[in-house]
Amino acid sequence: MSSSVSSIMDSEAAAYAAQVLGSQKGVSFSPFLLGMVLDAMLLGVVLNQLVHWFEHSWATDGWVVRALVIWVGIMAPAISIYTLVWQMDLFVYGFADYLNFLNVSWFSWTFIFWPAIRTPVSLFFTERAYRMLGRSKLLIAVLTPL
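Nothing here was measured: the structure is a model prediction, and the numbers come from that model.

**So, the overall build of the protein chain**
The helix and strand tally for the protein chain stands at five helices and zero strands. Listing the helices and strands of the protein chain from first to last along the sequence gives α-α-α-α-α. The C-alpha atoms of the protein chain give a radius of gyration of 21 Å, which is well past the 15 Å a tight globule of 146 residues would have. The principal-axis extents of the C-alpha atoms in the protein chain amount to approximately 65 × 30 × 25 Å. With 146 residues in all, the protein chain has 26% of them scored as buried. Total accessible area on the protein chain stands at roughly 10100 Å², and carbon and sulfur atoms take up 71% of it. The averaged location of the 8 negative side-chain charges in the protein chain is 21 Å from the averaged location of its 7 positive side-chain charges.

**A closer look at the packing of aromatic side chains**
Note on aromatic pairs: each is described by the distance of the centres and the angle between the planes. Inspection of every chain in the model, using the stated rule, returns 14 aromatic pairs. Centroid distance Trp53 to Phe54: 5.1 Å. Interplanar angle 75 degrees. Geometry classified as edge-to-face. We classify Phe54 as partly exposed; its relative accessible area is 40%. When the ring of Phe107 is compared with that of Trp114, the centres are 6.2 Å apart and the planes differ by 85 degrees; the resulting orientation is edge-to-face. Using a relative accessible area of 40% as the deciding quantity, one classes Trp114 as partly exposed.

**Remarks on the pattern of salt bridges**
This structure, assessed with the given rule, holds four salt bridges. Two residues, Glu127 and Arg128, come together in a salt bridge whose shortest N-O distance is 3.5 Å. Residue classification places Glu127 among the partly exposed residues on the basis of a relative accessible area of 23%.

**Observations concerning the packing of helix H3 (residues 63-93) against helix H4 (residues 110-132)**
Look at H3 against H4: their axes get within 9 Å of each other, and the N-to-C directions meet at 150 degrees. The angle between the axes of H3 and H4 places the two elements in the roughly antiparallel class. Between H3 and H4 the crossing geometry is left-handed. Contacts from Val65, Leu68, Val69, Trp71, Val72, Met75, Ala76, Ile79 and Tyr82 in H3 reach Phe113, Ala116, Ile117, Pro120, Val121, Leu123, Phe124, Glu127 and Arg128 in H4. Of the residues in the contact of H3 with H4, the class split is 16 nonpolar, no polar and two charged.

The rules behind these values
- Residues numbered from 1 in each chain as written.
- Predicted model: local features only at pLDDT ≥ 70, side-chain atom pairs only at ≥ 80, totals over all residues.
- Heavy atoms only, no water.
- Helix = DSSP H or I, 4+ residues; strand = E, 2+ residues; numbered from the N terminus.
- Rg over C-alpha atoms; globule rule 2.2 N^0.38 Å.
- Buried < 20%, exposed > 50% of the residue type's maximum accessible area, 1.4 Å probe, protein only.
- Areas by Shrake-Rupley, 256 points an atom, 1.4 Å probe, with all protein chains shown as cover.
- Lys, Arg positive; Asp, Glu negative; His and termini not counted.
- Charge placed at Lys NZ, Arg CZ, Asp CG, Glu CD.
- Phe/Tyr/Trp six-rings, centres within 6.5 Å; stacked < 30°, edge-to-face > 60°.
- Salt bridge = Lys/Arg side-chain N within 4 Å of Asp/Glu carboxyl O.
- Axes fitted to C-alpha atoms, helices over the stretch in contact; angles between N-to-C directions.
- Parallel < 35°, antiparallel > 145°, perpendicular 65-115°, else oblique.
- Left-handed = near helix turned anticlockwise from the far one by under 90°.
- Contact = heavy atoms within 4.5 Å.
- Nonpolar A, V, L, I, M, F, W, Y, C, P; charged D, E, K, R; others polar.

Structure, rendered in structure tokens:
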């Protein structure tokens, strides 16, 4: 595609984005900002739980649980930093450029990050339930696929 055709398409997309997003700015942009604030608050909860776990359970848990907790302890701040950088790109470096909100390159990575944090947490709680309920093989068979 030639650069002139590409620039025409970009200008049309920018005009469309400005028309759609600019008409209701509160509805269009609040979820991004509130999501970042909620993410930061929940990161504080995760880090608090992580410190509590290190103080009370590090010595008694096995290597698999330790590895899962360390993975989550690394990924949770990494994802929050990624979210912060994304929001900075949208609202600071791309200020007043509505076309950035139509770009899915930032958002597409969330489908990698979400399972990378959700799966170890699910495995952690599955292991806890397995031990609390008498090491039931049926429980593992039911919970692991979930």
